[in-house]
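# Tertiary structure, described
One-letter residues, chain by chain:
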Amino acid sequence: MSTSYGQFTLSHGGNRPRTAPAIAAVLWSVGLALMLAATRAPAAPSEQTAKPAPGEQTIEEKPRNVVAVFRLDGPVTEVPADDLQQMFGPPGASLKDLVMRLSKAASDPAVKAVVILPETGWLGSAQIEELSAAMALVRKQDKEVFVHADSLVLGQYLLACGASRISVVPTGMLLIPGLHASSLHVRGLLDKIGVKPDFLTEGAYKSAAELFMREHPSPEADEMMNWLMDSWYASFKEQIAQGRKADAAKVQGWLDNGLFTAEQAKASGLIDAVEQ
């Protein structure tokens, strides 16, 4: 049995030998591949740099000046997101990759500055601290870090405070009203449908079962929640004060006010510029 493809005939069985045109085509293909490989092979080091002719001036190539731009337009994950996860939500960047790229920008002599565009609010407090530390490493190398945004909420602003310069568009605003928290309790709902929860807890501060056992938090759970929120609030105020070189009273006033237009934020010292 044989199959014809144009002028070539290839054998699929039996003892009949291949026709001569097929063999010639194979040899021609091999030769063509070797010829292309030879033409694309890199030249030897001595051939790559042409020597200038006598009397000809050599032009030295100037080093490039690079500005590294980081656009944060999706969630920052703790591990690289796989393709399946990206099908069901906006693609994100891993925290490890961002920190590594910022570290490379700090050590690369070609990089003269870094621009960060915080377009996502999906940043945890620990992630903000790690990214701020990486930004501080860039600034230690005498390189400027610029943050520009349409608007800034509290998490984005905390990250921006690690920059050399913060700018917001004229129609933007800052929303930094501090923190709030709430807890969910479904005991009242369970009573209405005739369900009696039964949990065994150990210790006054073990409040996981309160979701089902109580209609409101216990004094111990309320104490722990307030302790946690107060510690976060104090940490955030310290980050803002250090980044903007402001005293604690001024930062407290900013947070008490909460909402600023771009021009008000510049006049108050929260940002450095209002620009497109």
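Residues numbered from 1 in each chain as written. Predicted model: local features only at pLDDT ≥ 70, side-chain atom pairs only at ≥ 80, totals over all residues. Heavy atoms only, no water.

### Remarks on empty space enclosed by the protein
We apply this condition: The pocket and cavity definitions rest on a 1 Å grid over protein atoms only: a 1.4 Å probe that fits but cannot leave marks a cavity, an open set with protein on both sides within 12 Å along at least five of seven lines marks a pocket, and residues lining either have an atom within 4 Å of a point. Grid points are joined across faces, edges and corners, and a volume is the space filled by probe spheres set on the points. For helices the rule is a DSSP run of H or I covering at least 4 residues; for strands it is a run of E covering at least 2, with both sets numbered from the N terminus onward. Gly falls in the polar group here, along with every residue not listed as nonpolar (Ala, Val, Leu, Ile, Met, Phe, Trp, Tyr, Cys, Pro) or charged (Asp, Glu, Lys, Arg).
According to the stated counting rule, one finds 1 cavity of 30 Å³ or more in the structure shown. Taken as a whole, the largest cavity holds about 50 Å³ of empty space. Together, F70, L72, L98, L102, I116, L131 and L159 line the largest cavity. Breaking the lining of the largest cavity down by element, the ones donating at least two residues are β3 (66-72) and α4 (95-107). Residue composition of the lining of the largest cavity, by class: 7 nonpolar, no polar and no charged.

### Details of the layout of surface pockets
In this structure, the largest pocket spans a volume of roughly 290 Å³. If you trace the largest pocket, you find 13 residues lining it, with S132, C161, G162, Q239 and Q242 closest to the centre. Listing elements by their share of the lining of the largest pocket, those giving two or more residues are α5 (125-140) and α9 (219-244). Sorting elements by how many residues they give to the lining of the largest pocket places α9 first, with 5 residues. When the residues that make up the lining of the largest pocket are grouped by side-chain class, the tally is 3 nonpolar, 6 polar and 4 charged.

### Considering the pattern of salt bridges
Any two side chains of opposite charge can pair, so long as their charged atoms come close to each other. Using the following cut-off: Salt bridges, as used here, are contacts in which a Lys or Arg side-chain nitrogen is within 4 Å of a carboxyl oxygen on Asp or Glu. Three exposure classes are used, based on accessible area relative to the maximum for each residue type with a 1.4 Å probe and protein chains only: buried under 20%, partly exposed in between, and exposed over 50%.
Within this structure, the stated rule accounts for 4 salt bridges. E119 is paired through a salt bridge with R71; the nearest N and O atoms lie 2.4 Å apart. Here E119 is found in the loop between β6 (111-118) and α5, whereas its partner R71 is found in strand β3, with 48 residues between them in sequence. Relative accessible area serves as the criterion here: at 45%, E119 is assigned to the partly exposed category. The shortest N-O distance in the salt bridge between D191 and R187 comes to 3.0 Å.

### Focus on the side chain of R244
Our working definition: Polar contact criterion, stated in full: a pair of N or O atoms within 3.5 Å, where within protein one must be able to donate a hydrogen and the other to accept it, and residues adjacent in sequence count only if both atoms are side-chain atoms. By definition in these notes, contact holds between two residues if any of their heavy atoms fall within 4.5 Å.
Residue placement: R244 occurs in helix α9. Separated by 3.2 Å, the side chain of R244 and the backbone oxygen of G269 make a polar contact. With residues up to four places along the chain from it excluded, the contact list for R244 reads Y157, C161, I166, W254, G269, L270, I271 and D272.

### Overview of the sheet that holds strand β7 (residues 144-149)
Operational definition: At least two DSSP bridges between two strands are required for those strands to pair.
Ordered in space as β3-β6-β7-β9-β12, the 5 strands form an open sheet in which the pairing is parallel. Where the open sheet ends on each side, the last strands, each with one partner, are β3 and β12 (273-274). In this sheet, β7 lies alongside β6 in parallel orientation, the contact comprising 4 bridges. If you follow I116 over to β7, its bridge partner there is V147.

### A short note on the packing of aromatic side chains
Let me state the cut-off plainly: Geometry of aromatic contacts follows a simple scheme: Phe, Tyr and Trp rings, the Trp one being its six-membered ring, pair when their centres are within 6.5 Å, and the pair is stacked under 30 degrees between planes, edge-to-face over 60, tilted otherwise.
One pass over the full model with this rule turns up 1 aromatic pair. Consider the rings of F199 and F212, whose centres lie 5.3 Å apart with planes at 15°: the pair is stacked. Residue F199 is located in the loop between α7 (187-192) and α8 (210-213), and its partner F212 is located in helix α8; the two are separated by 13 residues in the primary sequence. In this structure F199 comes out as partly exposed when scored by relative accessible area, which is 41%.

### Here's the deal with the pairing of strand β9 (residues 165-168)
In regular strands, side chains alternate between the two faces of the sheet. Where β7 meets β9, 4 bridges bridge the pair, whose relative direction is parallel. Looking across to β9, one finds that A149 is bridged to V168. Relative to β12, β9 is paired through 2 bridges, and the arrangement is parallel. Among the inter-strand pairings, S167 is bridged to a residue of β12, identified as A273.

### Points about unusual backbone geometry
With a phi close to 60°, D142 is a non-glycine residue in the positive phi region. Examined against the element boundaries, D142 turns out to sit in the loop between α5 and β7. Judged by relative accessible area, which is 73%, D142 ranks as exposed. Within the chain, K245 stands out as a residue other than glycine whose phi angle is a positive 55°. Its place among the elements puts K245 in the loop between α9 and α10 (248-257).

### Quick look at the sheet that holds strand β8 (residues 152-153)
The strand order across the open sheet built from 3 strands is β8-β10-β11, with neighbouring strands paired in mixed fashion. Unpaired on one side and paired on the other, β8 and β11 (259-261) mark the two borders of the sheet. Sheet analysis places β8 next to strand β10 (residues 173-175), joined by 2 bridges and oriented parallel. For L152, the partnering residue across the bridge sits in β10 and is L174.

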